[in-house]
Structures are given as C-alpha cells and as structure tokens.
There are 4 protein chains.
Amino acid sequence: MSGSVFGNIFKISTWGESHGKALGVVIDGCPAGVNIDEEIIQKDMDRRRPGASKYGTKRSEGDKVQILSGVFEGKTTGTPISLIVFNEDQRSRDYGNIMNLYRPGHADFGFDSKYGFRDYRGGGRSSGRETSGRAAAGAVARACLKELGVEIFAYTKSVGKISCRDFDKAEISNNPLCMPDREAYEAAAELMDSALKQGDSVGGVIEGRISGLPAGIGETVFDKLDAVLAKAVVSIGAVKGIEFGSGFSASLLKGSENNDPFVIREGRPKKLTNNSGGILGGMSDGSEVVFRAAFKPTPSISIPQRTINRSMEEEEIVIKGRHDPIIVPRAVVVVEAMAAVAVFDLMLMNMGSRMDNIKKFYGKGER
Amino acid sequence: MSGSVFGNIFKISTWGESHGKALGVVIDGCPAGVNIDEEIIQKDMDRRRPGASKYGTKRSEGDKVQILSGVFEGKTTGTPISLIVFNEDQRSRDYGNIMNLYRPGHADFGFDSKYGFRDYRGGGRSSGRETSGRAAAGAVARACLKELGVEIFAYTKSVGKISCRDFDKAEISNNPLCMPDREAYEAAAELMDSALKQGDSVGGVIEGRISGLPAGIGETVFDKLDAVLAKAVVSIGAVKGIEFGSGFSASLLKGSENNDPFVIREGRPKKLTNNSGGILGGMSDGSEVVFRAAFKPTPSISIPQRTINRSMEEEEIVIKGRHDPIIVPRAVVVVEAMAAVAVFDLMLMNMGSRMDNIKKFYGKGER
Amino acid sequence: MSGSVFGNIFKISTWGESHGKALGVVIDGCPAGVNIDEEIIQKDMDRRRPGASKYGTKRSEGDKVQILSGVFEGKTTGTPISLIVFNEDQRSRDYGNIMNLYRPGHADFGFDSKYGFRDYRGGGRSSGRETSGRAAAGAVARACLKELGVEIFAYTKSVGKISCRDFDKAEISNNPLCMPDREAYEAAAELMDSALKQGDSVGGVIEGRISGLPAGIGETVFDKLDAVLAKAVVSIGAVKGIEFGSGFSASLLKGSENNDPFVIREGRPKKLTNNSGGILGGMSDGSEVVFRAAFKPTPSISIPQRTINRSMEEEEIVIKGRHDPIIVPRAVVVVEAMAAVAVFDLMLMNMGSRMDNIKKFYGKGER
Amino acid sequence: MSGSVFGNIFKISTWGESHGKALGVVIDGCPAGVNIDEEIIQKDMDRRRPGASKYGTKRSEGDKVQILSGVFEGKTTGTPISLIVFNEDQRSRDYGNIMNLYRPGHADFGFDSKYGFRDYRGGGRSSGRETSGRAAAGAVARACLKELGVEIFAYTKSVGKISCRDFDKAEISNNPLCMPDREAYEAAAELMDSALKQGDSVGGVIEGRISGLPAGIGETVFDKLDAVLAKAVVSIGAVKGIEFGSGFSASLLKGSENNDPFVIREGRPKKLTNNSGGILGGMSDGSEVVFRAAFKPTPSISIPQRTINRSMEEEEIVIKGRHDPIIVPRAVVVVEAMAAVAVFDLMLMNMGSRMDNIKKFYGKGER
C-alpha cells in the first residue's frame, strides 16, 4: 500500500503528476446501478479549478474529466471506474531555479531523500493537481451517498485570523473564498489582497459537515469513523490538523460540560448538544458529523527564502510565477471528496455487521 | 477490515472486552531476531495501569502480560507474536443501572444501533481496557524502533486549562499526571482534586515526539506519515483532534512565517524552525516529529445526567463506582504505542521504495 | 500482510507454534448475533485431532478450545472473537537430531534462509498444529454460512492410487480415512498398513463441495471465487495443487464437451452438467461448487534420508517418533474450514455490489 | 477489495471493458529508479495480441500502450505508474443475439445475478481483453525482477491431449502455439485445424518456471509463495486448476519417493530432485519454481448450444464471429505476468523479515 490507494471496499487508486500526460483515478468496488455521467463529476472538478477568481493560480488547467470504464448506458456496472484528466498545458518550461533546490514547506527534500531523485516539474506528484483524482472519486462517492440520503458539504471557516461568525449556507457559493459570512469574506478578501501584494500567502480552516448518516457507521477500534476521516483529510496536502465536534476545546471542558445529554424528540433519540461532533466510540451517533481541518499557508511564496540545494549548499530561493495565495477555497471540494469516500466505504463495510440483516439481504427469513 | 486490525506489514489485531476472560493482541509481521521478553512489555503495560495514584480508577487490573508465541530463546522468530492479559477481576456485578441505559459520551448507543445488542459489562470492547493490547503491541514496535535509533515519547501538555510552560523531561515520570513542568503539575493536581470532589472529570492534551527518524518515511499520497499517525492516534478512545507541528495555529500564519528555512549545519541539512512538525509532503523531513492530541474529559462522571434507555424513554443516569477523573496520563503510553506501530510499519514499507537499495538488499551489485 | 492474516471483512489472524504455550486465532469482522459456543467449535477441532485411529500420530493434543472474547450470552457481539488452545504436552524433549538438520520435504531450510534461525521444536509454526486455528475459525464461518443456507463438506477422494468409485455420504464419517466408499476405504487401509510397516507415508486427494451458494458470489477479476478458494486451500501445508469442476481434465476436452448447457427446470435456471464446478467467470453460477486438492505424502518418514545440516555438510537423517503416515483424513476439516472462511468473506463483500440492494438495506425505498 | 486490485506493496489496479474507450492498469508501489519505457511493455503486450497466426481472433486490437505517469526521464519515480491502451475498434455492432442470452461457459449469467445487468459488448469486463492490463503490469514487474536476477518464463505444455515430450527452449517463440517441442506443435496444429473446421475449441496446459529466486521468499501461513501464485494464476479467466512441482501426481507417491534429498554441490545447498517445485513450507527453496495451469477450451464456439435468456426461457445460441479456438498460447504471457507480479510483491514483503537486515538497510551497524 505504497500510498496511492485508499479504502477497503470502495477503493480508489489515484495517479498522475502535475506536468505528466494526464492524471486520474481508478475506483474499484463502486456498486452497480448508480447514475453517473461526466457532467456530475465535472461539476466537482470545476469547484477545485483555479482561475475563477483572483485568489487562484492563473494556470489554465482545463480539467475535462473523461469516464473510460465502468459506466454503461449512464449507470455504473460494478466494474472499476477509470476517470482521467489530460494535462493540456504541457509545454516545456524552465525549471532551472527549482530542479536543484529544496523549496521550504514543500515535499522536494523528502522526495529526494526517499527516492533518490524526483520529477521536479511543478511539484510532480505532490502538486495540488494530485487532488483532481480525489475530487473525481469524491463526486462518485457523493452520488452513491446521495441515494442513501447522506449529504456532505464543507466551507471556509476562517482565513488567517478572520473567522466566520455568521452562517448563511447560500453565501458559501457566492464568494470566491467559500465563506458563509459576507462580512467575514470581505475582511478576508482584504487580507488576501495585502498578502498578494507582499508575495505572501495565508492559511485557514475548513469545516466539513455530514448529515443523514444513520447511527452505527464506523468500526469500533482502529477503523473508527473519526480515525478514518482523520486519515482521509490529513492526507490532503497542507492539512496540519483535524478536530471533531468540540475538538481541541474539549480538552478545556469538564465532563459535565462536554457530555451530550440524550433525549427523546418526536419519538426519536436526539442529543441536546453536539460536542461529540456526531461520533461516539468511533461510530456515528445520529447527529450531524462535524469536523474542522487546519490548512497551512501556501508554501510557494515569491518572497526570497533561505534554503539548500542538492549539493548541500545554502542558497536563496525566489519562487517565480503566480501561485495560489491561499489553498483553502480550492480545497473545500477536496475535503468533501475525501469525507465522501471515507464515509461511503464505512457504510459498505457496516453492511456485514449483523447476522439478522445479512440473512434478510440473502432472503433467509426472520429467524 | 472490521476495525480491529492495524498496519500493512507490521500488522496488529487486538481483541478483548473489559469484563471478558482476557484481552490481547496478535502481531503479524514482526521481523525475526528482536530481543523481546515479558518484562520489556510489562514495563509499558504498567504505565497504563491505574492505581498508582489517586487519579486512576481503583480497580486492580493486574495486567500481567504473557507471550504465547513468536518468541523463542528470547528472540522474535518472525512468526506472529500473541500477547495476552487475563482479566483477574471478573466477579459478576450489578449492571442493572447501565445495561439498559445509554451513558452520555459513551459508545453504548452506537453499539446498540450497529449490532442490535452489546456486552454492557464495563463498556465491553469500548472500555479503556481495550488499549492494553495497543500498549503491548507498542512495546514490541518500540523495541524494533530502538534498534533503528528511533525513539518515541509522549507527555501531558495540558490538563484542562492548565498548560505546561516549562519542559523538564525528567519530571515527566516524576508525577502521576506525566507533566514535564512541576508547577503546572501542582496546579493541575489541585484542579483534579476539585473535579474529583464534584464527581466531575477533566480533559487535556498529550504531545508526542519522535526522534531519530530518517528523512523520507511516509508514503506520498494517502499513507502520508501524518495521515497514518492521525488515524493511529484518533483511533484511541476519547481523542477529539490531532495536529502536527504548528498545527491549527498554522492557519493563522503567513507563508513567510510558517515555512521552515533549510540550512546546512555541520555539513548536514537542517531546518531553522520546525513548524512542519518534522513532516513535509507526508514524509519525514529529518527533524523531530511533533504532534498533539486533544482528549475529552472522561465521560463517566457521578453527577446525574439526562439520558434515554433502550425503550426510548428519558431517564436520569448516575454512574456509580470510581472512574478515572482524567484519561490523559494513562493514555500517554497508548499514544506512544500507536505512534510506534504506525512509524515502524511505514519504515518497513519504505524499504521497497528504491530499486538500488532493493538490489543491495538482495546482493545484486552496486549499479 | 506477513502471512498470517486472511480475509477482507471476515478476517482471521492465526498464531502459535507446535510446542509453544498455546495456539489460536483472532476473528475480526464476524457479524453480531450468531449463536456460537465452545462445543460447536470443539466439534470441528476434534475432527482434526489425531489419535482416534491408528492413522493419526499418537501425540495427545487435547485441543480444548476456549472462547476468550467476542461472544456474550451465547451470541457473537460483532467484536473480535479470540479462540485459544493451550498446548498441554510441552515437556522438553531431545531435538538434538533435528535442530541442526534440514528435514527433506519440510520448511526447515526455508525458515533458516528467511529468518536466520527457527523454532525447531516439532516444526514450530509450520507444524500441522498450525491448522488448529484454521479449523476453529472455520467452525465460526461455517456457523455463519449455515444461517444463510450454505453448506460445505469435504472428503477423501483418493489415498495413493486408490480412488473412491462409489459415493455414500454417510460412510464418510464411518471410517478413519473419511472415504465415502467402504470398499475403497478397505483397500486404502491395507495400503496404509503397508506404508506404516515400511516407515513410509502416502498422499491423497480431498474433494470439497459447497451447496446453497447463490449465483454471483466472487469478484470478477483478481478476487474470483476460484482464485480466492485456490489461495485459501493451497495455503494449507502439503497441498500441491487444486482444480475446479472438470479441472485438469478440462484441458483435454473440446469446448462443445466442456461447456455446460443452461436449461430451465421448475422455472429456475439450471445447468445440465457441472464441468464449471459451480463457478463461471469467477462467480458462483448457482450449481454446487466442486474442487479437489492434491496432498503430498507426509514428509516425516522413518526411512533414512540424505540431507544437509546448518553447517552445510551432508548427513543422513532418521526422523524418530510416530508421525501421521497420511495427512489427508485430518486435513478434511481444514479444507472445509478454509473454504468456509473464503466463501463467507466473499458473501459479505458481495453485499456492496448493487446500489438498489444497498438502498433497501439502509431503508431507502425502491427507487 | 472488490476484485480488481492485487498485491500488498507492488499493487496493481486493472480496469476496462472489451468495448469501452480504453483499458489499463495503475501500479502503485513500484520502486524508483527502474528503467522502463513503452517499448519494453509493448513487447509483452504484443505477445498476447491476436492476429499473428490463424489460431488467434482476427480482431485488430492495436494495443499500443502508453505510459501516463510514474516515469520521468526513462526511470520510474516511485509514484503510481498509469498504463493505458485505447480501444481503436469501437464501432457499434449488433449484439442482438447475445445481449439477452447467457452464453454457456461464460460469465454472463453471473454478471446479471450479481449486478442486475451487464455491459454485454464483447464480454465487457470478463473479456480476454481484460488481461491486457495484467500483461502491462507484468512487464513492469518483470523489469524489476530482472534487476534482481529473477527470470520467469512460461510455455504451452499441452494442447488438448497432445503433450510436449521434448524441451527446446528456443522453439517456444518459433511456433504460434508456444510449444518447446516441434513435433508436438505439428500434431497440435493439426488438432487446431480440425477444431477450427468444426467450429469447436480446445484446452491445454501452461507450465511456468521461475529461476534465480533466493530461498525464503513467501510468507509462512496464508501468503505462502504457492498460495499467492495459485490466486494470481487461477484469477486468469479460463484457468481450471494449478499444481506445483509433482502436483497432483504427488498424491500417488510415497513420502520416500516425493521428498527431495538435500545435498551439497560446489559448497552450496541443492536438492537432488525437484518434486517440491521449488517451494517448501510456502517459501522458495532455492530450486527453480515450477507450476502448471490447466486452461479450459474457449467457451465461445460456433456450434449451436442450448441455453437460456434473461426472461428465463430456453433458447438455442450460435455465437457468431471468429473467436480464438484456443486461449492457451495468448495466455502464456499473462501467466508470466501474474507470476511476476506475485513474486516481486513477495520479494518486497520479504525485506522486512529480519531485524539484522533492516538495521543494515537503515545503516545501523552490524550487530
């Protein structure tokens, strides 16, 4: 499992480098009979595409996704779904200033340490473009989840020190920073402009929410719902932390403050609060699942930095070209994608948890 | 992979319920030739044992670990290592007040939702006792890592709102809360006493550190070092979040502040700062790996709480008996254990990353 | 996956050496609500126990299985089931004549090549006793399959050159060689007596049959039903081959002879013949699954043999003590066990194959 | 693991349908630094291509493989290698006579049973074209093995009842049936001609051989070298059985006949015979690994056959078009490919088996 396969039943294998011929993903284990077409997937691909606003890189990526297998007459067939995006913009470039330098905050040094050399063109496998396969697979997982009444969305909770105070869901798709609070967006936009001017970058926090998940999803020891989500989301480049429900602030609370009382509402079990973030003992508890991921500021900045080269000499590096001054808004759909893949896989896994349900599935009476 | 197996090559399977006959772990894929005996493992088991201080439950667990297989004449043989701890204290008890109630903050409701019923005795599989198998496996992983010059330790960074300001490593094992700062410990002890008196509980944060790790450990997409550590640590009951290096505060920084400049010191690559927490692009970068995990306050408190029963009626619950007013200090060794298992597995995985090294391994010339 | 874990959802981890303290298996992923007790498992354990007849080794193994976890009030809970058998007969022995020699036909040489040393006591991990964990796990898988109407049995098809011509199912448990043909058994018994007298051993073939399996079980490329069964069964020590349906003789046939015509009988699809052995394209086809496994003669014989020692010198070896002159009858239950584990795991995996069924499972209407 | 992913470290995911846009494979876990180009892979692709002789289907497949990722400046980079073959011949066809019928000996019935419907065009995922991804991945695995001195080749051992008696390695690539015996080839060619005339098909046996494998490869319980090879090879469509070394005939022998004596030759351990087929206790024993796979006759024949349709009515089916009258010669390279993938993965897995070697790998002294 050398790093590029995720999932147990719904299993995705992503591949591709920033400046190679193409990037893509193979999804093994998608159930048959799901309505999928390129348009549904493209919609999510477009959300991670830059260029719509001044806060994304100017590179024109195109990112037209094609379905190469696993779909027949508009429906998944149960066989692997191969999705591909060709790199249109492959003209040769001058990498002279980075091919021998280790960019601070980047994977360059690790790649050389691990593999002895690297595809230095545009970050190679560690480019943000790697996430296009994730977004594509996520669109498929999301289509599956939708049929089960499960919805996932994410949004920018904060940009640098500017946090949303208001929550207007409709506003999220209304501004290029994906913030549900117009006022916060405007302050953040100012911050971005100033960072852009300085050739600097800023970080932020994305919050993800999953609703409609039945209770009991997640396995009870290592494959806990939160543990699997943690791996899924932390595996996105630039993520430096994740928390669930009350998260780090739970460490400041008393048990009597942090425990969520159970009550009955309209004949059904509810929790009065949701400090658990919808997860207890590693299983969904029927409330909305809530998590937050911290993103570091884009490491590519145009301010001169100290670094070293492959010959182990110190040098100054100035990273040329336009880079995203913030990763967060483009990562929103990637967070959703990874959450969708993780949760749908656990829902499939969960189907084997009770013999009475397995018997019903195979038509073997009540017992 | 229904939740109780972890790892790819060094693979652990834990098992056992709080009040069953025994608990244990089977380790598959441990290399041959490692010096292991019951004493080495017992040392770690004892660190998670309660009772040493007033901040642990009074239950006498014994926790005498036995090696049942995989070790011959003091050395691992390469075959599975089965480790077992018998439950000494198995007398039948009155579970009348919890067998039909869902304890707030506990897995009870999830278990019933998922499986239709549960072993309600002492939390069953979701008891803190489940971690004894983790600690035992961790001791073996740690022994392996030690031979490779890799060391892992963890400590209590904060208890409730009281954070360590000082760092005196020797102090960690000197106080029952595993804090490296005597003054902070004393304030925390006061906080604990007051929580105990109120029948309440408190949370906290554990910091883990891994030193001696060569650069390049971790796989570059889904099995990133931080992603795998995140899953490993978040899978510990009561963990609500994890962060690496500058973590959540990275989201507040500029790129120019968060990037760690590379320099050469004594002919070797170093970073001037360690905001990365020793991980770049999912691979170790040669610096110390640093992460922090947030633990919620123990959900078992003796203060009356609102809840519901299996018949979907509201009830008040009062949890009897003595419970840990804080999980954190006993979890320190468990955090170390999970980190050790995760890191050693990735080091084994990494051995296949370069053909020139594989050739050398199999005696096939320099190339 | 260093060799001792099998399965994807119903996942077994076996452990233990022939002369260690104990042997056992941990089953992760067994559904909740299956009636299991030690008696059910013991029944299968007893079938692989020697000593009932003169064709088994005289060693008294006891093999009393204990359930240590995962079962509560007579039902599986969904958590890992730990099964253990303590080795009663552990007195120290004189291994002088084998600890430095490589027994022909045994794993000794491979162990030393791989691990640098080995637990030489009674074959260590490669002893036939290793199969006790398989038999125990198989009993649990079989109990699950029974609830789904799937039955598995195996029997001795041939001993040396003596093949069964008749098939009387009741006779199988009537003779110590598990043959369904009394006459063949009597001829085989004579062969065994003569082999015993010469200090030699004989091989044989076991046939396995699986009935009640719905069509469509097995995944279509690498995890084909036959491929997974092949791995499961060939992983049993001493198996040198496996075939399905018409098997090797299919290679001698024309397509028009080997294809099984489909017909309708009582309104349901049937095949007029079963050359496919119940498997087409890697999926069950609704007919009985039929396979045969070839077992080599027991390698431990008392006739002097040429071999080498750890110092790379030639030596003669005479293996002392009584050994099974044939492995086959004791392996019958092990073949059943591995088939049961493989098939039940594939049935669980199959539950995620169609979205309409997943929707029904999660109560999401017909569509 | 729904069927289309194979391997633990060197992990392949194949995808694609016979008449979809393309087919391919993603290889995750290939080490960095292996010299690979499209030509090397194309060579193996061409060997499974039909059309060279009258014994292959006339369909022009093209099968020009492209490397889309994971290779940079002629060397693997350690990141996933995506290989693709576009289907050139995609014009729409009349599938009227098979879209509603279940072809005897084919996967059609299973597909409909499992998934509710199927891509009926040319067999969809269960077409022989599915093996193009296997052949491509095999070429990469073979290139890796070559650097380690391991070579794999396979050949047609028998066609129907005609077996090779002679073994002239050079002859294998000299005739379209890949037989190492000219005389046998000529007899087989006659048999093929007669089958062709009758619209019938024949089966056969392929033998595979692996040389240069160090002793100790393979894990000792479930991931035995023979068990993993069995899964790998039986997963190829049309394989009905596999045997190792003396195989099924071992069941007819005495222990004294089947055991291979160890001797010393030129200071190194050898076996006087190779009934073990190079595998003892699931590990390579230093001798050549030898196995045979039985292939059934091609199920597609033009002779009218009885079958049923999707409405559960009986019908006669006549399969039109030209089909391979024998699968065997085109499967030779696929057998080699699956063996290469299986063996290389086990060699990577084996690197973690001894702590002294791991220490050396990580530069931690001799001990």
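Above: the structure in question.
Note that the coordinates shown come from a computational prediction; the quantities given were computed from them, not determined experimentally. (Residues numbered from 1 in each chain as written. Chains lettered and ligands numbered in written order. Predicted model: local features only at pLDDT ≥ 70, side-chain atom pairs only at ≥ 80, totals over all residues. Heavy atoms only, no water.)

Student: Looking at this structure, how should I read the overall build of chain A?
Tutor: The helix and strand inventory of chain A stands at 8 helices and 18 strands. Expected size for 367 residues packed as a compact globule is a radius of gyration near 21 Å; at 22 Å, chain A falls within 12% of this value. Seen through its C-alpha atoms, chain A measures out along the principal axes to roughly 70 × 50 × 40 Å. When the 367 residues of chain A are sorted by exposure, 68% land in the buried category. Put simply, 68% of the contacts in chain A that link residues at least 6 apart link residues at least 24 apart. For chain A, the accessible surface area stands at approximately 11,800 Å², while carbon and sulfur atoms represent 47% of it. Mean positive and mean negative side-chain charge positions of chain A (49 and 47 charges, respectively) differ by 2 Å. (Helix = DSSP H or I, 4+ residues; strand = E, 2+ residues; numbered from the N terminus. Rg over C-alpha atoms; globule rule 2.2 N^0.38 Å. Buried < 20%, exposed > 50% of the residue type's maximum accessible area, 1.4 Å probe, protein only. Contact = heavy atoms within 4.5 Å. Areas by Shrake-Rupley, 256 points an atom, 1.4 Å probe, with all protein chains shown as cover. Lys, Arg positive; Asp, Glu negative; His and termini not counted. Charge placed at Lys NZ, Arg CZ, Asp CG, Glu CD.)

Student: Would you mind showing me how to read the sheet that holds strand β7 (residues 81-86) of chain C here?
Tutor: Backbone hydrogen bonds hold the strands of a sheet together, and the pairing may be parallel or antiparallel. Residues and elements named next belong to chain C. Pairing is antiparallel in the open sheet, where 5 strands are placed in the order β1-β2-β3-β7-β4. With partners counted over all chains shown, the strands left at the sheet margins are β1 (5-6) and β4 (65-67), one partner each. Of the strand pairs in this sheet, strand β3 (residues 22-28) and β7 are connected by 6 bridges, and their pairing is antiparallel. Bridged to Val26 within β7 is Ser82. Of the strands in this sheet, β2 (11-16), β3 and β7 are in contact with helix α3 (residues 131-147), which crosses β3 at around 35 degrees. (Pairing = 2+ DSSP bridges. Axes fitted to C-alpha atoms, helices over the stretch in contact; angles between N-to-C directions.)

Student: Would you mind showing me how to read the packing of aromatic side chains here?
Tutor: Centre-to-centre distance and the angle between the planes together describe a pair of aromatic rings. Residue and element names in this part refer to chain D. All chains considered together, the criterion is met by 50 aromatic pairs over all chains. Look at Tyr155 and Phe167: their rings are 5.2 Å apart centre to centre, the planes differ by 65 degrees, and that puts the pair in the edge-to-face class. Of this pair, Tyr155 sits in strand β8 (residues 151-159) while Phe167 sits in the loop between β9 (162-163) and α4 (182-198); the two residues are 12 residues apart in sequence, bridging distant segments of the chain. Taking the relative accessible area as the measure of exposure, Tyr155 reaches 2% and is therefore buried. Under the relative-accessibility criterion, Phe167 is labelled partly exposed at 40%. (Phe/Tyr/Trp six-rings, centres within 6.5 Å; stacked < 30°, edge-to-face > 60°.)

Student: Explain the interface of chain C and chain B to me, please; I cannot follow it from the model alone.
Tutor: How big an interface is tends to be stated in terms of the accessible area lost upon association of its parts. At the junction of the two partners, chain C supplies 45 residues and chain B supplies 45 residues. Across the interface of chain C and chain B, roughly 3,400 Å² is buried in total on both sides, 62% from carbon and sulfur atoms. Of all elements in the fold, only β2, β3, β4, β6 (75-76), β7 and α2 (108-115) of chain C reach the threshold of two or more residues within the side of chain C that touches chain B. (Buried area = accessible area lost by both parts, 1.4 Å probe.)

Student: Hey, could you run me through the relation of the copies chain C and chain B in this one?
Tutor: Both copies of the chain are related by a screw-like operation: a rotation about an axis and a shift along it. Structural alignment of chain C on chain B gives an RMSD of 0.0 Å, achieved by rotating through 180 degrees and translating 0.0 Å along the axis. With respect to symmetry, the two chain copies, as superposed, fit the operation of a two-fold axis. Mapped onto chain B, 100% of the interface residues of chain C again fall at the interface, so both copies present the same surface. (Least-squares fit on C-alpha atoms with pLDDT ≥ 70 in both.)

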